[in-house]
Amino acid sequence: MERRDFLRSSGLTLTAFMLSPWAIHAFPKIEGEKLIPFLDQPPNSSSNRVLLDWNKFDSFITPNDQFFNVSHYGKPAVDLENWKLEISGLVENPMMLTIDDIKARPKQDVTFTLECSGNHGFPTFTGAIGTAKWGGTPLAPILKEAGIKEDGIEVIFFGHDSGKENLRKVTMQQNFARSMSVEDALEDTNLLCYEMNGVSLPHDNGAPLRLIAPGWYGIACVKWLKRIEVRNTRFMGRFMARDYVTMRKETRPDGETVWMETSVGRTQLKSLAAKVTVYNDEYRIYGAAWGAPIDRVEVSIDGGPWQIATIDPEEDAEYAWKIWHLNWENPSKGEHTIVSRAIDTKGNIQPAGDSDYIKGKHTYWESNGQVVRKINIE
Ligand SMILES: Nc1nc2c(c(=O)[nH]1)N[C@H]1C(S)=C(S)[C@@H](COP(=O)(O)O)O[C@H]1N2
Ligand SMILES: [Mo]
């Protein structure tokens, strides 16, 4: 009998679910296994911000209290009593929606791995990622009811948080904002999200309402939503056009070298060896892979041949990471390197850290190169 069927027939599922929404999710762990920390793991205690601790990586869903936070203008006070979402600009029917209006609409969930595009951009910033079951209502039907006018090309999402921005000697008080093309905004996976792992969206993650854009880097998922505005010009705010802009040196087919500046957008193929454990002299490497539909994950130890890891078959959510593991037979004493690479269903391979693609990148966003981990076996 499959484990899932056993849970179902024993009636455990519902209880486990009620106790904690992530308890039912599997993780291929071994009872009693002991962690062997990587030598390159930055100490978590050095910063007081919440980041995923890969050493404790043992659940498919990231509990809310272990979920990282990014807020560029601090965490705003939001008046929940009087909160309304404005939908305006080039629409036939401008709207002001209360949270009750939004909750009365059809509910949709998505299990989505949200990664800050700055993750792995610095040696100490490697846990800006987490997977949650996000609940809300689809955005597209609301935009359709509002009726985007023919000349509308851009949908801008404004947050309640704001700060001063200086540009060309002008100081502007700006709300956090990101935009999408009308076509991207209308994708049926986008959610106006008010729930995270079965509880009300926490304040730090954007209460009462945030955008969840599955398949996009975290920056697209605007928190503390205030206004959605449709316009007929491209939006060039800080987080579209100045910050979260990747600068990459590329070589064209004719050999010419050009610099590309692109706005951070959809996620990129990535994987990581997260932790190593030992139990009864059996060593096991655990990791995750995400950012594109994953076909397989391969692991190389000490620069040796690529070995195919086992992907946990229990979880099959299109926009969530895959958990993988590889049994490591008889490692010798001393220092070793472990590196993983993800391969997507189109055959793309996660780039090596020293590939032209990664070396040509001169900004820290979208750091999806292979990560070489170091470990000492005693
Ligand atoms: N309003 C607002 N939304 C925001 C941000 C912000 O600073 N303000 N940061 C973005 C970035 S850079 C990331 S990585 C994600 C992080 O989401 P989390 O804090 O729920 O983990 O939120 C995004 N949405
Ligand atoms: Mo981010």
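Criteria and thresholds
- Residues numbered from 1 in each chain as written.
- Chains lettered and ligands numbered in written order.
- Predicted model: local features only at pLDDT ≥ 70, side-chain atom pairs only at ≥ 80, totals over all residues.
- Heavy atoms only, no water.
- Pairing = 2+ DSSP bridges.
- Helix = DSSP H or I, 4+ residues; strand = E, 2+ residues; numbered from the N terminus.
- Axes fitted to C-alpha atoms, helices over the stretch in contact; angles between N-to-C directions.
- Contact = heavy atoms within 4.5 Å.
- Phe/Tyr/Trp six-rings, centres within 6.5 Å; stacked < 30°, edge-to-face > 60°.
- Buried < 20%, exposed > 50% of the residue type's maximum accessible area, 1.4 Å probe, protein only.
- Lys NZ or Arg CZ within 6 Å of the ring centre and 35° of its normal.
- Polar contact = N/O pair within 3.5 Å; in protein donor to acceptor, adjacent residues only side chain to side chain.

Draft legend 1. View of the sheet that holds strand β11 (residues 225–231). Ordered by their spatial adjacency, five strands build an open sheet running β3-β2-β11-β6-β7, and the pairing between neighbours is mixed. With one partner strand each, in any of the chains shown, β3 (95–97) and β7 (170–181) form the two edges of the open sheet. The sheet shows a mean angle of 30° between the axes of neighbouring strands, taken without regard to direction. Of the strand pairs in this sheet, strand β2 (residues 85–89) and β3 are connected by three bridges, and their pairing is antiparallel. Residue pairing in the sheet places E86 in a bridge with M96 of β3. Where helix α4 (residues 139–146) meets the sheet, it contacts β2, β3, β6 (154–167) and β11, and its direction lies at approximately 145° from that of β3.

Draft legend 2. Representation of the packing of aromatic side chains in the model. Counted according to the given criterion, the structure contains 17 aromatic pairs. With a centroid separation of 5.5 Å and an interplanar angle of 35°, the aromatic rings of F27 and Y286 are classed as tilted. Of the two residues, F27 sits in the loop between α2 (12–19) and β1 (34–36) while Y286 sits in strand β15 (residues 282–290), which places them 259 residues apart along the sequence. Classification of F27 as buried rests on a relative accessible area of 10%. Taken together, a centroid distance of 5.8 Å and an interplanar angle of 80° make the contact between Y73 and F239 edge-to-face. Remark: F239 occurs in helix α6 (residues 238–242) and Y73 occurs in the loop between β1 and β2; sequence separation between them is 166 residues. Of the two residues, Y73 and F239, neither departs from the other in class, the shared state being buried. Taken together, the aromatic side chains of Y73, F122, F125, F176, F239, Y244, Y364 and W365 make up a single cluster linked through ring pairs. Seen from the ring of Y357, R248 lies directly overhead, with NZ or CZ sitting 3.7 Å from the centre. Above the ring of Y286, the side-chain terminus of K275 is found at 5.3 Å from the ring centroid.

Draft legend 3. Quick look at the side chain of N190. With respect to the helices, strands and loops of the structure, N190 is situated in the loop between α5 (182–185) and β8 (191–196). The class for N190 is buried, based on a relative accessible area of 1%. Reaching out from N190, the side chain makes a polar contact with the backbone oxygen of A185 at a distance of 3.0 Å. Contacts of N190, omitting those with residues within four sequence positions, involve T137, P138, L139, M180, D184, A185, L211, I212, A213 and P214.

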